[in-house]
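Read off the chains here:
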Amino acid sequence: MAAEGADDDKGTGDKETGASGGAEGAATAGSPDAVAAATAAGPGGGETVRVDSWIWSVRLVKTRSMGATACRGGHVRVNGERVKPAYAVRVGDEVRLRNAGRERVVVVKRVIRKRVGPSVAVECFVDNSPPPPPREAVAPAGIRDRGAGRPTKRDRRELERLRGSSHPPAGPESS
């Protein structure tokens, strides 16, 4: 585990109480373990981190390849400019990401290279995103009770009316 290795190297591990960093010492936001994990995931002295790797590391996208695809598609902007996947991010940069129909606006607080847990990832950026649009309260259309059997013609027409189907009603043509 990277966090344990980082604690051992720095000598900040909890030797007196015997905490091993396992389930009892899980990293939470603001805890020394979380800070150590983020520091261990960061680049070495003077190294930079690619923007596609960073947005994946802080869990803004699900995979790194999705981050690279978003960059190539023009969905990622750093300080107002469209960037390629290999663009180097620095602390203080504003990253705008359009993903899943929503725009995320984050300011880089800490540069990390490896993917970390969600509680640690939240500490690596400041989220200035607008709130997500409210979900519309849509009545579930077309849910029938289990065992109710096959819908009748009347039931089917009612379901189509609820779903907003544009099919004209079937019936004899009057000429």
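Overview of the structure. (Residues numbered from 1 in each chain as written. Predicted model: local features only at pLDDT ≥ 70, side-chain atom pairs only at ≥ 80, totals over all residues. Heavy atoms only, no water.)

1. Digging into the overall build of the chain
Line of reasoning, step 1. Scanning the chain from terminus to terminus reveals six helices and seven strands.
Line of reasoning, step 2. Going through the 175 residues of the chain one by one, you find that 28% of them count as buried.
Line of reasoning, step 3. For the chain, the proportion of contacts with a sequence separation of at least 24, taken over those separated by at least 6, is 49%.
Line of reasoning, step 4. Of the roughly 12000 Å² that the chain leaves accessible, carbon and sulfur atoms contribute 51%. (Helix = DSSP H or I, 4+ residues; strand = E, 2+ residues; numbered from the N terminus. Buried < 20%, exposed > 50% of the residue type's maximum accessible area, 1.4 Å probe, protein only. Contact = heavy atoms within 4.5 Å. Areas by Shrake-Rupley, 256 points an atom, 1.4 Å probe, with all protein chains shown as cover.)

2. Topic: unusual backbone geometry
Line of reasoning, step 1. In the Ramachandran plot, Arg59 falls in the positive-phi region, its phi being about 65° despite a non-glycine side chain.
Line of reasoning, step 2. For Arg59, the location among the structural elements is in the loop between helix H3 (51-57) and helix H4 (64-72).
Line of reasoning, step 3. The exposure class assigned to Arg59 is partly exposed, which follows from its relative accessible area of 37%.
Line of reasoning, step 4. Residue Asn79 is not a glycine yet carries a positive backbone phi of 55°.
Line of reasoning, step 5. Mapped onto the secondary structure, Asn79 falls in the loop between strand S2 (76-78) and strand S3 (81-82).
Line of reasoning, step 6. Of the residues examined, Asn79 reaches a relative accessible area of 44% and is grouped as partly exposed.

3. Focus on the packing of aromatic side chains
Line of reasoning, step 1. Here the structure, examined in full by the defined rule, presents one aromatic pair.
Line of reasoning, step 2. Between Trp54 and Phe125, the ring centres sit 6.4 Å apart and the planes meet at 75°, which makes this aromatic pair edge-to-face. Of this pair, Trp54 sits in helix H3 while Phe125 is found in strand S7 (residues 125-127), placing the two residues 71 residues apart along the sequence. Of the two residues, Trp54 and Phe125, both sit in the buried class. (Phe/Tyr/Trp six-rings, centres within 6.5 Å; stacked < 30°, edge-to-face > 60°.)

4. Points about the sheet that holds strand S5 (residues 94-99)
Line of reasoning, step 1. Spatially, S3-S2-S5-S6-S7 is the arrangement adopted by the five strands of the open sheet, whose pairing is antiparallel. Only two strands of the sheet have a single neighbouring strand rather than two, namely S3 and S7.
Line of reasoning, step 2. The pairing of S2 with S5 spans three bridges and is classified as antiparallel. In the sheet register, Val78 faces S5, and the bridge partner there is Val95. (Pairing = 2+ DSSP bridges.)

5. Observations concerning the nonpolar core
Line of reasoning, step 1. By size, the foremost hydrophobic cluster in this structure holds 27 residues, and its most contacted members are Val51, Trp54, Ile55, Val58, Leu60, Val76 and Val95.
Line of reasoning, step 2. Apart from residues no more than four positions distant in its own chain, Val51 is found in contact with Cys71, Val76, Val78, Val83, Lys84, Pro85, Tyr87 and Val89. (Core = buried A, V, L, I, M, F, W, Y, C linked by side-chain atoms within 4.5 Å.)

6. A look at the pairing of strand S6 (residues 102-108)
Line of reasoning, step 1. Pairing of S5 with S6 involves six bridges; the strand directions are antiparallel. Paired with Arg98 across the two strands is Glu103, which belongs to S6.
Line of reasoning, step 2. Between S5 and S6, which follow one another and run antiparallel, lie two residues, and Ala100 among them has a positive phi close to 55°.
Line of reasoning, step 3. Examined bridge by bridge, S6 and S7 share three bridges and lie antiparallel to one another. Among the inter-strand pairings, Val106 is bridged to a residue of S7, identified as Asp127.

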